Amino acid sequence: MTNTTHRTTTEPPARHGTGSPRIAGTAVAFTQNRHTQDDVARELIGVAPPGFERFVRTSGVDTRNLALPLARYPEMNGFTAANDAYIEVAVDLGTQAVRAALDAAHVDPREVDAIVSVSSTGVAVPTIDARLASMVGLRRDVKRIPLFGLGCVAGAAGMSRVHDYLRGYPGHVAVLLSVELCSLTLQRDDSSIPALIGVCLFGDGAAAVVATGADRVPTYAIAPTGPAVLATRSALFPDTVDVMGWKVGTGGFGLVMSRDVPRMADDHLRGEVDRFLADHGLTTADISTWICHPGGPKVIDAIQHAIELPPAALAHSRQSMREHGNVSSVSVLDVLGRTLAQPPAAGDLGVMLAMGPGFSFELLLLSW
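As the structure is a computational prediction, the values presented were derived from the model and not from experiment.

Draft legend 1. Fine view of the overall build of the protein. Along the protein, the regular secondary structure elements total ten helices and 14 strands. The C-alpha radius of gyration of the protein comes to 19 Å, within 12% of the 21 Å expected for a compact globule of 368 residues. Taking the principal axes of its C-alpha atoms as reference, the protein extends roughly 55 × 45 × 35 Å. In the protein, buried positions account for 57% of the 368 residues. Sequence separation of at least 24 residues holds for 82% of the intrachain contacts in the protein that already meet a minimum separation of 6. Split by element, the accessible area of the protein, about 15,300 Å² in all, is 53% carbon and sulfur. The average position of the 30 basic charges and that of the 37 acidic charges among the side chains of the protein differ by 1 Å.

Structure (structure tokens):
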């Protein structure tokens, strides 16, 4: 494995975030199709290979919300039907998430200057953000920045791109929308172990985050109370395109998930975190809060081991996994929302991190 390439997107920031964008509100949205792990495994897997029942029981997932009622999945007869369902449900959930996040942030839809949308579980042209813009009430001149193909890292990567935009336009408001309907990628004739693991781990949902630039004057004179985003870092590992992703064929998206995913965290995450923090005169001892994507029980364990965190540090990640499964890019934003509901003390620092196809890491430094 060669060394990674990386860059820091800002100069070393002020510790308390002077001049930095700030998170103003978050929200998640799920369908009413909520099922237990046993129900999903029984209906979508059928007869599992020998020994696979143990993985179902130890996956770290208790319940999930799916895009469709379980009875509809056998009717999905190819990519066209699945993608049509993706567009319909994604627009509905995305609209719910954006409206709720704007309400939480006390921001009128007409104040939104840019929307970054991320998804890797369906294809839509026009994109989902364009389809919901008028329903939400966004302006005609809103800047749309749709990103596809980042997978699980996209929630954190999308926040990084929101940060970049608001550093350039500090008087603006930006929204991040993530919609992932992982269950609609299921291919009934794919009985490979990665596909079956995906059935047991992944869930469906949407999340939205509203962020404001440092110079933005609130319309309602209510200042955002969420953390400032001080800095970001992207890390892309060469020669790792087969570690995680989709193999796209006539039947749709086939899951690619190597056993190397936890090892990538074991081998490389600590070094990336240490270098990122050192650029800002910090170490892991300065970080009180960790907002980590819950990729699966082994991934969470690998993150905890790599960074030498106490078990309680990733409690929100494990709880999100238990209640909703791995909702790809949505999950780290769900963990962010859980963290904001029980915020750290003023002046505390946090790190948001996720990993995904590429193979890649995304890191953000936050300050309360």
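Additional details are given in the paragraphs that follow.
Draft legend 2. Looking closely at the side chain of serine 331. Take serine 331: it is sitting in helix α10 (residues 329-341). Classification of serine 331 as buried rests on a relative accessible area of 0%. Among all residues touching serine 331, those that are not within four sequence positions of it are His293, Pro294, Ser320, Gly325 and Asn326.

Draft legend 3. Inspection of the domain arrangement of the protein at higher detail. Looking at the assigned domains, one finds that the protein contains domain 1 (22-212) and domain 2 (228-367). The distance between the C-alpha centroids of domain 1 and domain 2 comes to 17 Å. At the interface, 54 residues of domain 1 touch 44 residues of domain 2. In total, about 3,700 Å² of surface goes out of reach between domain 1 and domain 2, with carbon and sulfur atoms giving 66% of it. The interface formed by domain 1 and domain 2 contains one salt bridge. Between arginine 161 and glutamate 362 there is a salt bridge whose closest N-O contact spans 3.8 Å. The tally of links between domain 1 and domain 2 comes to 14 residue pairs in polar contact (both at pLDDT 80 or more).

Draft legend 4. Main features of the pattern of salt bridges. Using the criterion set out here, one finds 15 salt bridges in the structure. When the shortest N-O distance is used, the salt bridge between arginine 270 and glutamate 308 registers 2.8 Å. Of the two residues, arginine 270 is situated in helix α7 (residues 260-278) and glutamate 308 in the loop between α8 (297-307) and α9 (315-324); the sequence distance between them amounts to 38 residues. Among the salt bridges present, the one from glutamate 323 reaches arginine 338, with a minimum N-O distance of 2.8 Å. Here arginine 338 lies in helix α10 and glutamate 323 lies in helix α9, a separation of 15 residues in the sequence. On the accessibility criterion, glutamate 323 (24% relative accessible area) is partly exposed. Using a relative accessible area of 17% as the deciding quantity, one classes arginine 338 as buried.

Draft legend 5. Molecular detail of the UniProt feature "active site" (unreviewed entry) in the protein. The sites that carry the UniProt feature "active site" (unreviewed entry) are, in the present numbering, Cys152. Secondary-structure assignment places cysteine 152 in the loop between β6 (143-148) and α5 (154-168). For cysteine 152, a relative accessible area of 9% gives the class buried. Residues in contact with cysteine 152, not counting those within four places in the same chain, are Phe202, His293, Asn326, Ser328, Ser329, Ala354, Met355 and Pro357.

Draft legend 6. The pairing of strand β2 (residues 22-29), seen in detail. Most of β2 is tucked away: six of the eight residues are buried. Note that β2 and strand β8 (residues 204-212) share seven bridges and pair antiparallel. In the sheet register, arginine 22 faces β8, and the bridge partner there is threonine 212.

Draft legend 7. Structural context of the layout of surface pockets. Taken as a whole, the second largest pocket spans an internal volume of roughly 270 Å³. Taken together, 20 residues line the second largest pocket, and the ones lying closest to its centre are Gly78, Phe79, Leu186, Gln187 and Gly251. Contributing elements (two or more residues each) for the lining of the second largest pocket: α3 (79-105) and β11 (252-257). Sorting elements by how many residues they give to the lining of the second largest pocket places α3 first, with four residues. Classifying every residue of the lining of the second largest pocket gives eight nonpolar, ten polar and two charged. Each of domain 1 (22-212) and domain 2 (228-367) contributes no fewer than three residues to the lining of the second largest pocket.

Draft legend 8. Structural context of empty space enclosed by the protein. Enumeration over the complete set of coordinates arrives at one cavity of 30 Å³ or more. For the largest cavity, the calculated volume is near 230 Å³. Residue assignment for the lining of the largest cavity shows that the elements contributing at least two residues are α1 (37-44), α6 (193-201) and β11. In terms of residues, the lining of the largest cavity owes the most to one element, α6, which gives four residues. A breakdown of the residues in the lining of the largest cavity according to their chemical character gives twelve nonpolar, five polar and two charged. When residues of the lining of the largest cavity are assigned to domains, at least three map to each of domain 1 (22-212) and domain 2 (228-367).

The rules behind each value
Residues numbered from 1 in each chain as written. Predicted model: local features only at pLDDT ≥ 70, side-chain atom pairs only at ≥ 80, totals over all residues. Heavy atoms only, no water. Helix = DSSP H or I, 4+ residues; strand = E, 2+ residues; numbered from the N terminus. Rg over C-alpha atoms; globule rule 2.2 N^0.38 Å. Buried < 20%, exposed > 50% of the residue type's maximum accessible area, 1.4 Å probe, protein only. Contact = heavy atoms within 4.5 Å. Areas by Shrake-Rupley, 256 points an atom, 1.4 Å probe, with all protein chains shown as cover. Lys, Arg positive; Asp, Glu negative; His and termini not counted. Charge placed at Lys NZ, Arg CZ, Asp CG, Glu CD. Domains from an automatic or database assignment. Buried area = accessible area lost by both parts, 1.4 Å probe. Salt bridge = Lys/Arg side-chain N within 4 Å of Asp/Glu carboxyl O. Polar contact = N/O pair within 3.5 Å; in protein donor to acceptor, adjacent residues only side chain to side chain. UniProt positions renumbered as here; feature names shortened; annotations may be inferred. Pairing = 2+ DSSP bridges. 1 Å grid on protein atoms, 1.4 Å probe; cavity = no way out; pocket = protein on both sides within 12 Å on 5 of 7 lines; lining within 4 Å. Points joined across faces, edges and corners; volume = space filled by probe spheres on them. Nonpolar A, V, L, I, M, F, W, Y, C, P; charged D, E, K, R; others polar.

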